[in-house]
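So you can see what is in the structure, the chains are spelled out below.
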Amino acid sequence: MKFPCLLSLIFLLYLNAVFAGGIANRYYLEKQRFLLEILHHVHEPLLNDQWRSLGEHLVSDKTQYVVYNEQMSDFFETFTRGRLVPREVYYNPQYPAHYQQSLGLYNFFYHTRDWITLWQNICWARVHVNPGMFLQALSQVLLKREDYQALVMPKIYELWPEAFHNEVTVRSARNFNFANWIRQQDTFTSQPLEVQQILPQELQPIRLEGDLRSCTKWFEAMADVHILRLKEHQRGLHRLQHLIEDIGWQSYWYYINLGIAQTDNSSQELQEWWYNQLGQLLARYKLERYGQQLPYKPLTLQEADNLRTPHLLTWLNQRFQLVTPTTAKKVTQALQTLETNVADAISTRRFMLNNGSNIDLEAAANWRLGLRELFPFDLTQLQLESASEPQLLLDLRTSLRSTEFYYYAERLLLSYRRYRQVLQPSPRTSFRPTELRIDSMDITPLITYDEPVDVDLSNLLHARHFHYDGHFMWPFTLQQRQYRLQQEPFSFSLQITSNKTQSIVLRLFLTTAESDSGAVNREPFYQLDSFLTVLYEGVNRITRDSRQISGLIGDHISLTELHQYVRLAEQEEFDFPLNISTPNCGFPRRLILPRGGQRQALRLRLLIVATVYDFKARQANELNCDFSKGVSRWDELPLGYPFERYLEVEDEALHLWGDHTFWQPVEINHVDRFRHE
């Protein structure tokens, strides 16, 4: 039996065992509780005697694996020679030696025949392997093994809070002592304490996916937990912090790269999807700069130097550097080489592949071969020796905090789009719908505001606070009150006149108010939405709500709440829902609009583009970081169309003007809804 078939059989048996009647039973709950406990304070020594005893040995019997490959053999040999990455070392999968070892560990997890073998290997790795490598490999397996995808992995910013919160916050949380805090409560003082206990109903936000924080079961689950709040510390002064320091913004880049790495279906489509996501992030970042009246076309390293973020620490108390001179030099050289190779390919229409073949880029689909080899997109192609040092730019958890990232991304995307503009063939059939006209658009007010939110920092506390007489307990949680960018839901309606019944795909882009002819390539176009609709002969009114936009996610329950819900379910007092958390590769719904203006509204434009529906829509599972079946798309047009390529002046009339398009001026206002405490 081939490996995928065997895994599918294992998956079906697993589903029957743990999801009888659609409710997770005790077998699932045992696995989920084990996962939460094994990941709790993953950077500290494991205190659970049972797991530590089980983890004395890595399972070396090859018959316990569906496949035993070369990466596993190399990893086992490295382990037996005592050459694994030490536990007390900063880990980064973009450092070649670290990546190779994490690949071996991933395979030791992924290819196990049963849960018992995986269970033992997880315990072994938790005790003996670098915690960063352990977390990387385990996260990959839970994203990619169908039989374990139902298990909920805590969010990366709750497992590694250090990479998402400034140094002052991290040190305050690490220095917190629960016993001393209790004694302080009995001592009268007029000075407000840095940590204060709050009532459960004071936690924000109240609305979570599934309404799990507003039901009576939540109060039962949290009844024995002291909820402590760490006061918000002074944030940086630069005008982009509400975006680039947002934990949802940062973690999105981490998760989509984690999902793509080690994907068997590493196809041209994944490359296209990755560059489209990079383009989306860059466009959204530039819209924020535009709204804050900062230069945005083009970006420069000098501008990056003027926007510095607060210090971040690794779990080893090392400070993240912005970017080292060695890294800056390597990245610049790589971009210069790429730009030269792309220019040569465009001018000669030829390209030499890695295997030595010199191909004609205008013949058949050869342009795709050149595109694939010229433009890297996964971790195996993005390796740097200097990644062994903590740097914002090179750590996937912190990359989007680095303003240099956006400068390099703009240069990379410019080459990518120029290549596609010249060498990508035009669609064989017309994509412009006929006999229709977009007449008008109505849209409700666009409003942003700063929303209070409590972020779970419990994993920054010492593990000793959670173990009593050999038992794991969760007596309290440490939350920090922060303020983040949020928006009011909005809706819009389109009036479209059609002379026949037809199906079309509508794409909506948000861009600046700049409208100079021929300057479209200098402006950011952020795709807000795309959807399929049917038009009937006559006048059609199409209404859409922002909460209908696909690929977006709301808020999930915290690490503490997840643990307490599992405990309640094990006591048979709660039916544990399988959708208790949010998909990891969804983009935060609250960040699709840039921060509005307060004294004067931020003026932008919406572009609506209608295209013919070719009945080739496909639904995949990239929202859950599963790329094994490709990515979702409405049609065969390139992702990001029409901005996947560099548009020449003559192309603008074809793609951006006509009855199938509509430009709508809009304004975004920012309101003070909550007073900062």
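Preceding this section is the structure that the text describes.
Procedures and definitions
- Residues numbered from 1 in each chain as written.
- Predicted model: local features only at pLDDT ≥ 70, side-chain atom pairs only at ≥ 80, totals over all residues.
- Heavy atoms only, no water.
- Helix = DSSP H or I, 4+ residues; strand = E, 2+ residues; numbered from the N terminus.
- Rg over C-alpha atoms; globule rule 2.2 N^0.38 Å.
- Buried < 20%, exposed > 50% of the residue type's maximum accessible area, 1.4 Å probe, protein only.
- Contact = heavy atoms within 4.5 Å.
- 1 Å grid on protein atoms, 1.4 Å probe; cavity = no way out; pocket = protein on both sides within 12 Å on 5 of 7 lines; lining within 4 Å.
- Points joined across faces, edges and corners; volume = space filled by probe spheres on them.
- Nonpolar A, V, L, I, M, F, W, Y, C, P; charged D, E, K, R; others polar.
- Axes fitted to C-alpha atoms, helices over the stretch in contact; angles between N-to-C directions.
- Left-handed = near helix turned anticlockwise from the far one by under 90°.
- Pairing = 2+ DSSP bridges.
- Phe/Tyr/Trp six-rings, centres within 6.5 Å; stacked < 30°, edge-to-face > 60°.

Run through the overall build of the protein chain, naming residues and quoting values.
Along the backbone of the protein chain there are 20 helices and 17 strands. Computed over its C-alpha atoms, the radius of gyration of the protein chain comes to 26 Å, within 12% of the 26 Å expected for a compact globule of 677 residues. If one aligns the C-alpha atoms of the protein chain with their principal axes, the spans along those axes are about 75 × 65 × 55 Å. Burial statistics for the protein chain: of 677 residues in total, 58% are counted as buried. The contacts of the protein chain with a sequence gap of at least 6 include a subset with a gap of at least 24, amounting to 80%.

Quick rundown of empty space enclosed by the protein? Include the residues and the values.
According to the stated counting rule, one finds nine cavities of 30 Å³ or more in the structure shown. Estimates place the volume of the largest cavity at around 230 Å³. What lines the largest cavity is a set of 21 residues, and nearest its centre among them are Y91, G132, W160, D395 and R397. Of the residues forming the lining of the largest cavity, the biggest block, three residues, is contributed by helix α7 (residues 131–144). Class assignment for the residues of the lining of the largest cavity results in 13 nonpolar, five polar and three charged.

Outline the packing of helix α2 (residues 26–39) against helix α19 (residues 559–570), listing residues and values.
For the pair α2 and α19, the least separation of the axes is 10 Å and the interaxial angle reads 150 degrees. Once α2 is placed against α19, the crossing between them reads as left-handed. Residue-level inspection shows L29, E30, Q32, R33 and L36 of α2 in contact with α19, the latter providing L559, L562, H563, V566, A569 and E570. Classifying every residue of the contact of α2 with α19 gives six nonpolar, two polar and three charged.

Got a sec to walk through the sheet that holds strand β9 (residues 476–487)? Specific residues and values, please.
Within the open sheet, the eight strands sit side by side as β1-β2-β9-β6-β17-β16-β11-β12. Their pairing is mixed. In the strand order of this sheet, the two ends are held by β1 (195–197) and β12 (526–535), each with one partner. Averaged over all neighbouring strand pairs, the angle between strand axes comes to 35 degrees, with direction disregarded. Pairing geometry for β1 and strand β2 (residues 226–230), over three bridges, is antiparallel. Residue pairing in the sheet places V195 in a bridge with L230 of β2.

Report on the packing of aromatic side chains, specifying residues and quantitative values.
Taken as a whole and judged by the stated rule, the model has 46 aromatic pairs. Seen in terms of ring centroids, Y28 and F576 are 5.8 Å apart; in terms of plane orientation they differ by 45 degrees. Their pairing is tilted. Note that Y28 is positioned in helix α2 and F576 in the loop between α19 and β15 (587–588), a separation of 548 residues in sequence. By the burial criterion, Y28 is buried, and F576 matches it. A centroid spacing of 5.7 Å and a plane angle of 70 degrees characterise the contact between W51 and W119, whose relative ring orientation is edge-to-face.

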